[in-house]
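Chain by chain, the residues:
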Amino acid sequence: MKSRSVRIRRFKNALALICSLVAALIGLVFLIWILIEVILRGAACINWAFFTQLPVPPGEEGGGLANAMLGTVIITVVATVLGVPLGILAGTYLSEFGRNRFGDTIRFLSNIFVSAPSIVIGVFVYAILVVPLGGFSGLAGGVSLAIIMLPVVTRTTEEMLRLVPNSVREAALALGAPYWHVVWQVVYRSARAGMLTGIILAIARVSGETAPLLFTALNSPYWPEGLMEPMANLTVTIFNYAMSPYDDWQVKAWGASLLIMVAVLAMNIIARVFVHRMGK
Amino acid sequence: MSEDSRSRRHPVWVESLFKGLTCSAGGLILLLLAVMMAVLFYDAWPSIKQFKLGFLVSTNWNPVTHQFGAFTTIVGTLVSTALAMLLAVPLAGGVALFLTELSPVFLRPIFSTAIELLAAIPSIIYGMWGLFSLAPLLADHVQPWMTEHLGFIPLFQGPPMGIGMFTAGIVLAIMILPFMASVIRDVFLMTPQVLKESAYGLGATTWEVVWQVVFPYGRRGVVGGLFLGLGRAMGETMAVTFVIGNAHELSWSLFNPANTIASTLANEFTEASDKLYLAALVELGLVLFLITFIVLGLAEWWLKHSAPREKG
């Protein structure tokens, strides 16, 4: 016969494991609920017009969010063009030269910067770009997303460059190559897949951002007319439409949510495939 | 001679340029943070000068009479975050335990990937779900039940509208759950297999291994990870703005509409008509930036100083 203490221990163990199972199930149920809700409600309004037409006033049939899709792509491209090269350079500094106090400070602060509230970055860009330039603009939206991207790309670039063994650098240096050449031709090449993964993840992260665009790019019911004008974008459209009292606008907000969610998840999956390939 | 030809093909200045370029990109991050702080401070100055420290403790927020105080929004930020942590931390711990010890081995990579993908879903999606799916459900079924059975606690009194602090806390909790679960799982995975096997060998149950070996080993990492999650939750805007109701009122009831710093900024920034109003909003942003900066800074410092022990 088993002693009492063993039974108590077994009971505690079973209780803890059941709690863990229940926690996992609760988490799973909520997350699946969200996914299904977005897919079902979003799919209901996806049609050809949704991708090709301009928005219509509430109450009218039809219309789409083509301008917002184009605007989101433009703003994200601007952010990528500004944020990625700077992030790669800064990450290179941290990995190749940054083993000093200056490097440590940058590393510490960019780790904090990665999780900094994005809405405050929107306020900052409003102050430095929107006010001096005299109005909301797609450019300001792109800059605010670039600021969010910068520390993300910096950190992943450093991590990926650190994975390149030092013996590779030493071998290239021993052949007489100067250091910048070693970094450019050897280190970047070895870390290419990892860096690309980091960049895709950074793009995925900012393409779903809403808060920093609220007071920078604003929104617009028209086609994007230039970087200096307010620019339509999907995320702010979701916010405005969801908060409106009109049913057909709310339905469109679901469609836009589905689009953003699918795009972000697709980018994440592509990035994962790259990591997988690199591992082989 | 070979020296000579080499330096002609690769002049030294290219080397310096490369180093200088990367170094200034790194410096740009420091500069950006410094400029951000300075600009926020400068733009908030009219409000700082007008209300001084009273800004932080005044509950009065009235654009018409030009009276602005941040207390309601600061409390809202802290309460919604605390509520979210209270709900998310035990769940995340359970999910991490499930992922590392319970789930069948062949399912682990699938679950882990799923959790990481869910952590990548933009917060606005959680906001949409909270507003259109969760809030009506809470209003129709959960909140009336809670008022009936737990109504003697002031926290659960009030109109069951579905929009308010309670819903915001739940949406925020669901949103940070995947992030927290994957952080805790990573820490749990750091425990050397040998330690766990020794404990199992002594006859410990799964729970005893987790509670007495895995958890003490990764405690510092778990605490750091929770603080990172806390910092993120405090600055979160969209998931909260959709469901919190944006009311500048303090209330004991979690069912009443409230606001947070981030939701106030999102709702009112483009409507701010005069200079003082805008300055007060920027000061709110500054307060949020400083609070999250301190929380995240502590988390980073803590993680950095515990790193050697974790690597063991």
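Residues numbered from 1 in each chain as written. Chains lettered and ligands numbered in written order. Predicted model: local features only at pLDDT ≥ 70, side-chain atom pairs only at ≥ 80, totals over all residues. Heavy atoms only, no water.

Enquirer: Give me the overall build of chain A: which residues, what numbers.
Expert: Broken down by element type, chain A carries 12 helices and zero strands. In terms of C-alpha radius of gyration, chain A reaches 24 Å, well past the compact-globule figure of 19 Å for 280 residues. Counting only C-alpha atoms and orienting by the principal axes, one finds that chain A spans roughly 75 × 65 × 35 Å. Expressed as a percentage of its 280 residues, the buried residues of chain A come to 54%. Residue pairs at least 24 apart in sequence account for 72% of intrachain contacts in chain A once pairs closer than 6 positions are excluded. (Helix = DSSP H or I, 4+ residues; strand = E, 2+ residues; numbered from the N terminus. Rg over C-alpha atoms; globule rule 2.2 N^0.38 Å. Buried < 20%, exposed > 50% of the residue type's maximum accessible area, 1.4 Å probe, protein only. Contact = heavy atoms within 4.5 Å.)

Enquirer: So, the interface of chain A and chain B: which residues are in play, and what are the values?
Expert: At the junction of the two partners, chain A supplies 78 residues and chain B supplies 77 residues. Across the interface of chain A and chain B, roughly 7,200 Å² is buried in total on both sides, 83% from carbon and sulfur atoms. It is Leu31, Phe124 and Trp180 of chain A that lose the most area in chain A upon contact with chain B, and together they represent 9% of the buried surface on that side. For the pair chain A and chain B, the number of links is two salt bridges. Of the charged contacts, one joins Arg272 of chain A and Glu116 of chain B as a salt bridge, the two residues approaching to 2.7 Å between their closest N and O atoms. Between the two partners, chain A and chain B, sit 13 residue pairs in polar contact (both at pLDDT 80 or more). Sort the elements by how many residues they give to the side of chain A that touches chain B and helix H1 (residues 4–43) of chain A lands first, with 19 residues. (Buried area = accessible area lost by both parts, 1.4 Å probe. Salt bridge = Lys/Arg side-chain N within 4 Å of Asp/Glu carboxyl O. Polar contact = N/O pair within 3.5 Å; in protein donor to acceptor, adjacent residues only side chain to side chain.)

Enquirer: Please provide a residue-by-residue account of the packing of aromatic side chains, values included.
Expert: For the structure shown, the criterion picks out 27 aromatic pairs over all chains. The interplanar angle of 90 degrees and the centroid separation of 6.0 Å between the aromatic rings of Phe30 of chain A and Trp129 of chain B together place this pair among those described as edge-to-face. Within this pair, whereas Phe30 of chain A is found in helix H1, its partner Trp129 of chain B is found in helix H6 (residues 123–150), the two belonging to separate chains. Look at Phe30 of chain A and you get partly exposed, because its relative accessible area is 22%. (Phe/Tyr/Trp six-rings, centres within 6.5 Å; stacked < 30°, edge-to-face > 60°.)

Enquirer: Give a description of the nonpolar core that names residues and reports values.
Expert: Within soluble globular proteins, side chains that are nonpolar tend to cluster in buried spots. Membership of the largest hydrophobic core comes to 181 residues, with the highest contact counts inside it found for Phe113 and Ile119 of chain A together with Tyr126 and Phe242 of chain B. Per element, the largest residue contribution to this core is 18 residues, and it comes from helix H7 (residues 165–189) of chain B. Three or more residues apiece are contributed to this core by two domains, here domain 1 (2–45) and domain 2 (49–279) of chain A. The residues contacting Phe113 of chain A, other than those within four sequence positions of it, are Ile121, Ile147 and Pro151 of chain A together with Ile29, Leu32, Leu33 and Met36 of chain B. (Core = buried A, V, L, I, M, F, W, Y, C linked by side-chain atoms within 4.5 Å. Domains from an automatic or database assignment.)

Enquirer: An account of the packing of helix H8 (residues 179–190) of chain A against helix H2 (residues 12–51) of chain B is requested, with residue identities and associated values reported.
Expert: Packing of H8 of chain A against H2 of chain B brings their axes to within 8 Å, and their N-to-C directions diverge by 60 degrees. With respect to each other, H8 of chain A and H2 of chain B are oriented oblique. Facing Tyr179, Trp180 and Val183 of chain A of H8 of chain A, the residues of H2 of chain B in contact are Val14, Glu15 and Phe18 of chain B. Among the residues forming the contact of H8 of chain A with H2 of chain B, the class breakdown is five nonpolar, no polar and one charged. (Axes fitted to C-alpha atoms, helices over the stretch in contact; angles between N-to-C directions. Parallel < 35°, antiparallel > 145°, perpendicular 65-115°, else oblique. Nonpolar A, V, L, I, M, F, W, Y, C, P; charged D, E, K, R; others polar.)

Enquirer: For the pattern of salt bridges, give the residues involved together with the corresponding values.
Expert: Residue and element names in this part refer to chain A. In this structure the tally under the stated criterion is 12 salt bridges over all chains. Residue Arg107 pairs with Glu158 through a salt bridge whose shortest N-O separation is 2.9 Å. With Arg107 in helix H4 (residues 101–114) and Glu158 in helix H6 (residues 138–162), the pair connects residues that are 51 residues apart, well separated along the chain. Classification of Arg107 by relative accessible area gives buried; the value is 15%. Of the residues examined, Glu158 reaches a relative accessible area of 3% and is grouped as buried. Residues participating in the shared-partner salt-bridge network are Asp104, Arg107, Arg155, Glu158 and Arg162.

Enquirer: Explain a nonpolar patch on the surface to me, using residue names and the numbers behind them.
Expert: All names here are of chain A. A cluster of nonpolar residues, Leu21, Leu25, Leu28, Ile32, Ile36 and Leu40, forms a patch on the protein surface that exposes about 540 Å² of accessible area. Along the polypeptide, Ile36 turns up in helix H1. With relative accessibility at 44%, the residue Ile36 sits in the partly exposed group. (Patch = residues over 30% accessible without salt bridge, like charges linked within 9 Å, V, L, I, M, F, W, Y side chains within 5 Å. Areas by Shrake-Rupley, 256 points an atom, 1.4 Å probe, with all protein chains shown as cover.)

Enquirer: Describe the domain arrangement of chain A, and please don't skip the residues or the numbers.
Expert: All names here are of chain A. Per the domain assignment, the segments making up chain A are domain 1 (2–45) and domain 2 (49–279). One C-alpha centre belongs to domain 1, the other to domain 2, and the line joining them spans 34 Å. A buried area of about 720 Å², summed over both sides, lies between domain 1 and domain 2, and 87% of it is on carbon and sulfur atoms. Put simply, domain 1 and domain 2 have zero residue pairs in polar contact (both at pLDDT 80 or more) between them.

Enquirer: Any chance you could break down unusual backbone geometry for me, citing the residues and the numbers?
Expert: At Leu218 of chain A, a position not held by glycine, the phi torsion is positive, near 55 degrees. Within the fold, Leu218 of chain A resides in the loop between helix H10 (211–214) and helix H11 (234–243). Look at His66 of chain B: it is not a glycine, yet its phi comes out positive at around 60 degrees. Locating His66 of chain B in the fold gives a position in the loop between strand E1 (61–62) and strand E2 (67–68).

Enquirer: So what's going on with the side chain of Ser263 of chain B? Residues and values would help.
Expert: Within the secondary structure layout, Ser263 of chain B lies in helix H11 (residues 261–268). Not counting residues within four places of it along the chain, the set of residues in contact with Ser263 of chain B comprises Thr241, Ile244 and Asn246 of chain B.

Enquirer: Let's hear about the environment of Val243 of chain B: which residues, and what values?
Expert: Residue and element names in this part refer to chain B. Tracing the chain through its elements places Val243 in helix H10 (residues 238–244). Each C-alpha atom of the pair Val243 and Gln157 lies 18 Å from the other, and the pair is 86 residues apart in sequence. Excluding residues within four positions of it along the chain, Val243 makes contact with Gly127, Gly130, Leu131, Ile163, Gly164, Thr167, Ala168 and Val171.

Enquirer: Before we move on, can you summarise the environment of Ala66 of chain A with the specific residues and values?
Expert: All names here are of chain A. Locating Ala66 in the fold gives a position in helix H3 (residues 66–97). Residue class for Ala66 comes out buried when judged on its relative accessible area of 6%. Expressed as a C-alpha distance, the spacing of Ala66 and Thr52, which sit 14 residues apart in the sequence, is 5.1 Å. Ignoring any residue separated from it by four or fewer positions in sequence, one finds Ala66 in contact with Phe50, Phe51, Thr52, Gln53 and Trp223.

Enquirer: Can you break down the environment of Gly127 of chain B residue by residue, with the values?
Expert: Residues and elements named next belong to chain B. Here Gly127 shows up in helix H6. Assessed through its relative accessible area of 0%, Gly127 is described here as buried. Sequence separation between Gly127 and Gly162 is 35 residues; the distance between their C-alpha atoms is 13 Å. Aside from chain neighbours lying at most four places away, what touches Gly127 is Met238, Ala239, Phe242 and Val243.

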